[in-house]
Amino acid sequence: MPLGAKCNSIRIWDPIIEKFDARLSVWRRISLSRGVITFWNDCWCGKQPLSSSEGNWKFQNKLFKLTRNKNACIADMISSEGNWKFDFRRVLSYTEAKAYAVLITTISDVPPVRHGLTDTRRWKLHPSGVFIVKSLYSQLVAKNGVPHFPSHFIQQQAIPPKICFLMWCFVHDKLNTIDMLQKKGMSLHNDCALCGGGEESQNHLFLHCKLAYKIWCHLTPTTGWTWVLPGSMRALADTWHTKQFSQSGNYI
């Protein structure tokens, strides 16, 4: 989401939803048997049919006008060798060939598998073919997750959700402190507003700032307890196993 955007604005979520839908499309597939879903007129690949002349589909609409069978089902568009087959009225021009390349990229160069299941969209990541949040989460963690994510420190029922989200941002280095805003291209003077003695970063604000250090000193016992401040919040999450503040020893 762009910086400064209003969270209650409807338009600001449109590109986010489009990107997420494109991400999910990688793990969706079509099951074909009876030839019910039409290739050009049904919404089987995105929110609009391929015959639509609106938005990003206007290039595919040129190909739709050239095709002989405009009501062909998806099964009719697949050859016996398992490849896409198109029947156009003439040879494609250069512009139309570019539109064809975009179409193949959109629908994938590998057609859906034909078998005995009912025509429908199916979810690749689960044997049942039904979308399961857990299967998506496991796939995202496997590809882009943080190794050895300290879930024991963050995902606790006793901690308010907004604090859990804050700690999640710490672990992923997503907190918009001044040093992060500078990396995103914003021209800002970097100085800690609390102590004025260093550059503002998430580790400085919550660990190494003079004010933060005093707060930690008040939280930790004064006798019979020795602790050295870790270098980062991630290191704190990985190594925090004291039962001084909670019975499980997993959170403060």
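Residues numbered from 1 in each chain as written. Predicted model: local features only at pLDDT ≥ 70, side-chain atom pairs only at ≥ 80, totals over all residues. Heavy atoms only, no water.

## Focus on the overall build of the chain
Along its length, the chain carries 10 helices and 3 strands. Along the chain, from the amino end to the carboxyl end, the secondary structure elements read α-β-α-α-β-β-α-α-α-α-α-α-α. By residue count, 33% of the 252 residues in the chain fall in the buried class. Nonlocal contacts in the chain, meaning residues at least 24 apart in sequence, comprise 52% of its contacts between residues at least 6 apart. Accessible surface, the chain as shown: approximately 16,600 Å² in total, 56% of it carbon and sulfur. (Helix = DSSP H or I, 4+ residues; strand = E, 2+ residues; numbered from the N terminus. Buried < 20%, exposed > 50% of the residue type's maximum accessible area, 1.4 Å probe, protein only. Contact = heavy atoms within 4.5 Å. Areas by Shrake-Rupley, 256 points an atom, 1.4 Å probe, with all protein chains shown as cover.)

## Let's talk about the pattern of salt bridges
On inspection of all chains with the given rule, the structure shows 2 salt bridges. Residues Asp87 and Arg68 are paired through a salt bridge, measuring 3.1 Å at the closest nitrogen-oxygen approach. Taken together, the residues Asp87 in the loop between α2 (58–66) and α3 (94–107) and Arg68 in the loop between α2 and α3 connect sequence positions 19 residues apart. For Arg90, the salt bridge is made with Glu96, and the minimal N-O distance between the two is 2.7 Å. (Salt bridge = Lys/Arg side-chain N within 4 Å of Asp/Glu carboxyl O.)

## Brief notes about the nonpolar core
Among the nonpolar cores identified, the biggest contains 20 residues, and Phe39, Trp40, Trp44, Trp84, Phe86 and Ile107 are the most heavily contacted of them. Of the residues forming this core, the biggest block, 4 residues, is contributed by α3. Membership of the second largest hydrophobic core comes to 16 residues, among which are Ile154, Met167, Cys169 and Met233. (Core = buried A, V, L, I, M, F, W, Y, C linked by side-chain atoms within 4.5 Å.)

## Focus on helix α6 (residues 161–171)
Buried within α6 are the following residues: Cys164, Met167, Cys169, Phe170 and Val171. Tucked inside the fold, the buried residues of α6 contact α5 (151–154), α8 (202–208) and α10 (233–239).

## Description of a nonpolar patch on the surface
A contiguous nonpolar surface patch, about 360 Å² in accessible area, is contributed by Leu194, Leu211, Ile215 and Leu219. Looking at the element boundaries, Leu211 is found in helix α9 (residues 210–219). (Patch = residues over 30% accessible without salt bridge, like charges linked within 9 Å, V, L, I, M, F, W, Y side chains within 5 Å.)

## A look at the state of the cysteines
Counted by the stated rule, this structure contains 0 disulfides. As a non-bridged cysteine, Cys195 has Cys192 as the owner of its nearest cysteine sulfur, 3.6 Å distant. (Disulfide = S-S within 2.5 Å.)

## Digging into the confidence of the model for the chain
Scored by pLDDT, the chain comes out at a mean of 77, with 78% of its residues at no less than 70. No element of the chain has a lower mean pLDDT than strand β1 (residues 28–32), at 56, and none a higher one than helix α7 (residues 178–183), at 90. (pLDDT = per-residue confidence, 0-100.)

## Thoughts on the packing of aromatic side chains
A full pass over the atoms with the stated rule returns 10 aromatic pairs. Measuring from ring centre to ring centre gives 6.5 Å for Trp84 and Phe86, while their planes differ by 40°; the resulting arrangement is tilted. A relative accessible area of 18% means that Phe86 is categorised as buried. (Phe/Tyr/Trp six-rings, centres within 6.5 Å; stacked < 30°, edge-to-face > 60°.)

## Details of unusual backbone geometry
The phi angle at Ser108 is positive, at roughly 80°, despite the residue not being glycine. Inspection of the secondary structure assignment puts Ser108 in the loop between α3 and β2 (113–114). Among the residues examined, Ser108 registers a relative accessible area of 33% and is labelled partly exposed.

## Here we look at the environment of Phe86
Structurally, Phe86 can be placed in the loop between α2 and α3. The spacing of Phe86 and Asn69 is 17 residues in sequence and 9.4 Å in space, taken between C-alpha atoms.

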